[in-house]
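Inside the fold
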Amino acid sequence: MHETTLNIDGQPTRLTHSGPEGAPVLVFLHGFPEHALAWRQVMRALPEYRCFAFDQRGFGISRNPAPDLNGFAMKHLLADLLAVIEHTGQDRITLVGHDWGAAVAYAAAFAMPDRIEALIVMNGVHPICFQRALSAGGPQSTASAYIDWLREPGVEDVLRADDFARLSGLFAANMDMGWMDGPTRDLYVREWSRPNAVEGMVSWYRASPVEVAPLGQPRPLPDWAQADLRVTMPHLLIWGAGDTALLPEATHGLDELCDDLTRVSFQDCDHWLHHQRPADVAQTMQDWLRKG
């Protein structure tokens with residue numbers, strides 16, 4: 001595993017990479033409140049692939065436009081990703097996303113399908129399926145109530161207080177955090193402690209067009225969620241069934257939006273399955289890629 005710095009539009013960005021030159025390329029996108037290093041164990045379990053993971057803007061070592069939410073528009077997130085894809089030297093790559101990384105991965109699948117050979121998502125949601133679940137005002141609205149809270153002014157100070165106690169609580173809410181040992185937490189606290197880091201992380205929620213309907217008060221779908229956003233490349237969805245932040249209903253209808261979808265469920269995992277069973281997650285990815 002190697003760590004370097006990639007200049008993206010003049011901004012130093014942490015890039016980790018592993019695997020042999022010339023091997024098929026996988027690019028990994030992390031979510032909240034993580035960073036490129038979150039993929040270390042999965043990448044190490046894929047020695048036959050050339051793997052890359054980078055800090056997305058607002059996280060770790062990257063461009064952080066906060067509090068300017070325009071800097072977190074999806075077109076900018078995709079431009080960062082495209083810079084990494086260009087850096088790999090390959091025209092087409094397999095894209096892997098988790099949580100917010102999955103949101104960028106889906107957007108890339110819609111916007112630049114010529115560069116994405118295959119799409120792998122772990123506990124992340126297609127934007128239309130997610131918005132449908134949120135607009136219904138059902139259980140997903142309750143599970144996602146934290147979204148509007150993270151958009152409130154001053155929440156950064158609350159998240160930072162008492163050695164990031166509330167941020168750690170969001171991370172761990174009803175989840176198995178056995179993988180978060182002392183050194184791992186120290187690593188995360190180091191990343192969260194960077195200047196403007198929490199502001200950058202919550203900016204993803206503030207910049208998102210997602211609307212959370214109150215429980216029992218369904219709303220019409222916003223206009224953007226009525227678009228035809230199809231996944232045309234082979235798509236693997238790996239799901240930790242114990243996820244309490246993203247519920248199964250948030251993936252309802254995904255089959256109708258994909259040309260070639262495969263679902264694999266890990267019954268003994270939750271939102272953090274890439275930490276809980278990294279070797280098995282990597283093996284699932286490898287088996288699927290080999291079949292393709």
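These remarks concern the structure in this document.

What follows concerns the sheet that holds strand β1 (residues 2-8). Strand pairing in a sheet is mediated by backbone hydrogen bonds. Such pairs are either parallel or antiparallel. Read across the sheet, 8 strands follow the order β1-β2-β4-β3-β5-β6-β7-β8 without closing on themselves; strand pairing throughout is mixed. Where the open sheet ends on each side, the last strands, each with one partner, are β1 and β8 (261-266). Averaged over all neighbouring strand pairs, the angle between strand axes comes to 25°, with direction disregarded. The pairing of strand β7 (residues 235-240) with β8 spans 6 bridges and is classified as parallel. Note on β8: the bridge partner recorded for leucine 236 is threonine 262. Across the sheet, helix α2 (residues 74-88) is in contact with β1, β2 (11-18), β3 (25-29), β4 (50-54), β5 (93-98) and β6 (116-122); its angle to β1 comes to roughly 120°.

Moving on, we get to the packing of aromatic side chains. Per the stated rule, a full pass over the model turns up 15 aromatic pairs. Both rings, one in phenylalanine 32 and one in tyrosine 205, keep their centres 5.1 Å apart while their planes meet at 90°; by these two values the pair is edge-to-face. Of this pair, phenylalanine 32 sits in the loop between β3 and α1 (40-44) while tyrosine 205 sits in helix α9 (residues 197-207), and the two are 173 residues apart along the sequence. This pair shows no difference in class: phenylalanine 32 is buried, exactly as tyrosine 205 is.

Further remarks concern the packing of α2 against helix α3 (residues 100-111). Interhelical geometry of α2 versus α3 gives an angle of 85° and a closest axis separation of 10 Å. Classified by the angle between their axes, α2 and α3 sit roughly perpendicular to one another. In contact with Met74, Leu77, Leu78 and Leu81 of α2, α3 contributes Ala103, Val104, Ala107, Ala108 and Ala111. For the contact of α2 with α3, the class distribution of residues is 9 nonpolar, no polar and no charged.

Using the criterion set out here, one finds 2 cavities of 30 Å³ or more in the structure. Here the largest cavity is characterised by a volume of approximately 40 Å³. Together, Ile8, Gln11, Thr13, Asp55, Gln56, Arg57, Ser62, Arg63 and Asp80 line the largest cavity. Among the residues forming the lining of the largest cavity, the class breakdown is 1 nonpolar, 4 polar and 4 charged. Lining the second largest cavity we find Pro33, Glu34, His35, Gly58, Phe59, Gly60, Glu191, Trp192, Ala197 and Met201. Those elements giving two or more residues to the lining of the second largest cavity turn out to be α8 (182-192) and α9. Classifying every residue of the lining of the second largest cavity by side-chain character gives 5 nonpolar, 3 polar and 2 charged.

With 18 residues, helix α7 (residues 155-172) extends only 18 Å from end C-alpha to end C-alpha; this falls clearly short of the ideal 26 Å at 1.5 Å per step. At aspartate 162, α7 shows its largest bend, some 125°. Listed in full, the buried residues belonging to α7 are Val155, Glu156, Leu159, Phe164, Leu167, Ser168 and Phe171. Packed against the buried residues of α7 are α6 (145-150), α8 and α9. Two residues or fewer past α7, asparagine 174 is found with a positive phi of approximately 55°.

Val27, Leu81, Leu95 and Leu119 are the most contacted members of the largest nonpolar core, which totals 70 residues. Among the elements that make up this core, the one with the highest residue count is α3 (8 residues). Those residues in contact with leucine 81 that sit more than four places away from it in its chain are Val27, Leu29, Phe54, Leu95, Val104, Ala108 and Met112. Among the nonpolar cores identified, the runner-up in size contains 24 residues, and Ala36, Tyr49, Cys269 and Ala282 belong to it.

Basis of the calculations
- Residues numbered from 1 in each chain as written.
- Predicted model: local features only at pLDDT ≥ 70, side-chain atom pairs only at ≥ 80, totals over all residues.
- Heavy atoms only, no water.
- Pairing = 2+ DSSP bridges.
- Helix = DSSP H or I, 4+ residues; strand = E, 2+ residues; numbered from the N terminus.
- Axes fitted to C-alpha atoms, helices over the stretch in contact; angles between N-to-C directions.
- Contact = heavy atoms within 4.5 Å.
- Phe/Tyr/Trp six-rings, centres within 6.5 Å; stacked < 30°, edge-to-face > 60°.
- Buried < 20%, exposed > 50% of the residue type's maximum accessible area, 1.4 Å probe, protein only.
- Parallel < 35°, antiparallel > 145°, perpendicular 65-115°, else oblique.
- Nonpolar A, V, L, I, M, F, W, Y, C, P; charged D, E, K, R; others polar.
- 1 Å grid on protein atoms, 1.4 Å probe; cavity = no way out; pocket = protein on both sides within 12 Å on 5 of 7 lines; lining within 4 Å.
- Points joined across faces, edges and corners; volume = space filled by probe spheres on them.
- Expected span 1.5 Å × (residues − 1).
- Bend = angle between axes of the 7 residues up to and from the residue.
- Core = buried A, V, L, I, M, F, W, Y, C linked by side-chain atoms within 4.5 Å.

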